[in-house]
Amino acid sequence: MTRQERNAAVFFVILGVAVVGHALAKLELGTLKEPGPAFFPVICGVGIVALAGYWLVTSLKSVKPWAPLWAKGELAAPVTATVLIVAYSAAMEPLGYLLSTVIFLVAWQQAIEREKWLKTGVIAVCGTAVMYLLFMYLLGVPLPEGMFVE
Amino acid sequence: MDIFQGLLGGFSIALSGTNMLFCFLGALLGTAVGVLPGLGPAATISLLLPVVYSMSSPATSIIFLAGIFYGAMYGGSTTSILLRIPGEAASVVTCIDGFQMAKKGRAGAALAIAAIGSFVAGTVGVIGLTFVAPPLAEFALRFGAPEYFALMLIGLLLAVFLSGDSPLKGLIMLFLGILLSNVGIDPISGKERFTFGIVSLQNGFEFVTLAMGLFGLSEVFLTLESKGAAEFVTATIGRIMPTARDWAESRWAILRGSFIGFFTGVIPGGGAVVASLTSYALEKKFAKHPEEFGQGAIAGVAGPESANNAASSASFIPLLTLGIPANASIAMIFAALLVQGVTPGPFLIQEHPDLFWGVIASMYLGNVILLVLNLPLVGLWVQLLKVPFGILGPLIVMFTVVGCYSLANDMFNVYVFIAFGVIGYILRKLRFDPGPLIMAFVLAPLIENSLRQSLLLSAGSMAIFVTRPISGTLMALFAAIVAAQAYKAVRKRKDVKCADNGE
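Every value quoted in this text rests on a predicted model; they were computed, and no experiment measured them.

Chemist: It is not clear to me how the overall build of chain B should be interpreted in this structure. Could you clarify?
Modeler: Assigned secondary structure in chain B consists of 22 helices and 2 strands. Computed over its C-alpha atoms, the radius of gyration of chain B comes to 22 Å, within 12% of the 23 Å expected for a compact globule of 503 residues. When the backbone C-alpha atoms are referred to their principal axes, chain B occupies close to 70 × 60 × 55 Å. The buried share of chain B, reckoned over its 503 residues, is 60%. Of the contacts formed within chain B by residues at least 6 apart in sequence, a portion of 79% connects residues at least 24 apart. A total of about 18700 Å² of accessible surface is found on chain B, and carbon and sulfur atoms cover 67% of it. Distance from the positive charge centre (28 side chains) to the negative charge centre (26 side chains) of chain B: 8 Å.

Structural data, given as structure tokens:
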């Protein structure tokens, strides 16, 4: 077991306890004859606590030295991508699909891929147009138009 | 309905214009995702679920998704042979001898034997599916709630024990999946569970957002981490058609692989990965020159590639007859069926014979399409590897974000999808397999219902699970699996202790 795995095991024990506590406090457990809404969540919560607890107790002696999950600089791209995806999602309704997607693709190419501006522009415009045609005309999915189209 | 009559009807459905088109598109897309390292069949099916949900015919949507699933098994060998990077998990073992063959300038023969083996095995798998599925479905008609509960328990347990490297982690994922499916309004009492006052959570988590996040988005994050482009070992593919010696060395491997794949594919969790590994080990044992394995033995490519294709066809048996998904990809097909108002299980063959036989017939056609796509067009697929992830990655993200939004024209689903993407990424970094989570999430409502119904039937007595003949047998099997795993775990700990003490 690595230290990260130990932390994960502790997290799961806490999660399981919280689930059982919440289910017992807010929902009805019922009986074996008539199980209530808390019946299954409690089984799951107890199951998680038991498994993660067993894992923790039996592996504590063999905790390996800290080995980072990410090599140096490895996390930068996934974190940047997450930030960009959240921003893109938040911008889609107010700005509309077209504008938000072009901005998202430009930001991605510049922040993650470090592409040249010409290539960035081509990818952004073509990618947005292809997906627009695919969703609007082939799949019939209504896309947000944004506040500029009223 | 007679099997041949049913199959004939199935061909009339599969050969219709739309279904043929989607069978071809599925096979094409499947080969593409198999070729592209990183993007596996589970991730791709999850990404395409919103598209499938908008299709009007359940048969067409399942024909499409099935094509992606078994198509990926064909395509997976390309990168294994040329780059020593498995396109998907079931092609890991092909890297060993396939890459060595490529290094010796025999990439063409390796790719060809993989495609031919895949075709033969895929067809053997579908023939097995044709003849095994109907009687199994008929037998499963005798199942009541307790039998289903026991069966689903075994299915999930086998999926955990056979697929991942740590059963303990798999079991935690399994409980987490059940827990996530509990979010929303309890169907029996009508009370809200774990919604915390959020209206959008009253209907629970959308399967699509969960699957796309855990598989699709997390895959993008993982690929972003390692952007180092792999280099081709050969500039040219070389002669495509295998030599007479290649045929002689491969034919029995293909046949053995087909049967191993079929039998492991039927078992939940067994699947394509276990099938290919078992086949490789067996071929090495059967080989006249086992020392050639690892140096470019063609049987080391033919056997495993055949096995993973037979397994992918066979894994439709528990889905179509018992309503049990054998792996994460099949769990997504299961969810697609549910959304389309079709419940997979023993009644499927009676209630939706068009879908049942149409899908099976499409798999015969799909195998032929895949042989044509993979054998002469292998050079074209190699070109696909040159599309940089810098273009593919953001397009996948855009596609998934819009797909999630389109589920209910609601941004809430998009945020849930992103959250599960991050959770999936962290879980996979910590070597937790999200497969059991997805399978448990899909099966949880059925498990909960069958447990509650069983307890209602027995007035709260757990004895109902052991006193009925079929459920009793299944429970005994369940206990035997648990006991065997516990014994294995104790033995492993003992061995580790002995090794630590230097004994």
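Chemist: Got a minute to help me understand empty space enclosed by the protein in this structure?
Modeler: Where empty space is left can be seen by rolling a probe of water-molecule size over the atoms. Residues and elements named next belong to chain B. Scanning the model with the defined rule gives 2 cavities of 30 Å³ or more in all. In this structure, the second largest cavity occupies an estimated 50 Å³ of space. Residue lining of the second largest cavity: Tyr74, Ser77, Thr78, Leu111, Ala114, Ala115, Asn374 and Val378, and that is the complete set. When contributions to the lining of the second largest cavity are tallied by element, the ones reaching two or more residues are helix H4 (58–83) and helix H6 (107–140). In the lining of the second largest cavity, the residues fall into 5 nonpolar, 3 polar and no charged.

Chemist: Is there a simple way to think about the confidence of the model for chain A in this case?
Modeler: Note that predicted coordinates carrying low pLDDT should not be read in detail. Chain-level pLDDT for chain A is 86 on average; 95% of the residues reach the 70-or-more range. Mean pLDDT across the secondary structure elements of chain A bottoms out at helix H5 (residues 117–138) of chain A, with 86, and peaks at helix H3 (residues 76–95) of chain A, with 92.

Chemist: Would you explain the interface of chain B and chain A in this entry?
Modeler: Put simply, an interface is often sized by how much accessible area is lost when its parts join up. Tallying the contact residues gives 60 residues for chain B and 63 residues for chain A. For the pair chain B and chain A, the two sides together bury roughly 5300 Å², of which 79% comes from carbon and sulfur. Our count for the contact surface shared by chain B and chain A stands at 4 salt bridges. For the pair chain B and chain A, the number of links is 9 residue pairs in polar contact (both at pLDDT 80 or more). Those elements that provide at least two residues to the side of chain B that touches chain A are helix H8 (167–181), strand E2 (192–193), helix H9 (207–225), helix H18 (389–408), helix H19 (411–429) and helix H20 (435–457) of chain B. Counting residues per element, the side of chain B that touches chain A draws most heavily on H18 of chain B, which supplies 13 residues. Its residues assigned to classes, the side of chain B that touches chain A comprises 40 nonpolar, 8 polar and 12 charged.

Reading the values: rules and limits
Residues numbered from 1 in each chain as written. Chains lettered and ligands numbered in written order. Predicted model: local features only at pLDDT ≥ 70, side-chain atom pairs only at ≥ 80, totals over all residues. Heavy atoms only, no water. Helix = DSSP H or I, 4+ residues; strand = E, 2+ residues; numbered from the N terminus. Rg over C-alpha atoms; globule rule 2.2 N^0.38 Å. Buried < 20%, exposed > 50% of the residue type's maximum accessible area, 1.4 Å probe, protein only. Contact = heavy atoms within 4.5 Å. Areas by Shrake-Rupley, 256 points an atom, 1.4 Å probe, with all protein chains shown as cover. Lys, Arg positive; Asp, Glu negative; His and termini not counted. Charge placed at Lys NZ, Arg CZ, Asp CG, Glu CD. 1 Å grid on protein atoms, 1.4 Å probe; cavity = no way out; pocket = protein on both sides within 12 Å on 5 of 7 lines; lining within 4 Å. Points joined across faces, edges and corners; volume = space filled by probe spheres on them. Nonpolar A, V, L, I, M, F, W, Y, C, P; charged D, E, K, R; others polar. pLDDT = per-residue confidence, 0-100. Buried area = accessible area lost by both parts, 1.4 Å probe. Salt bridge = Lys/Arg side-chain N within 4 Å of Asp/Glu carboxyl O. Polar contact = N/O pair within 3.5 Å; in protein donor to acceptor, adjacent residues only side chain to side chain.

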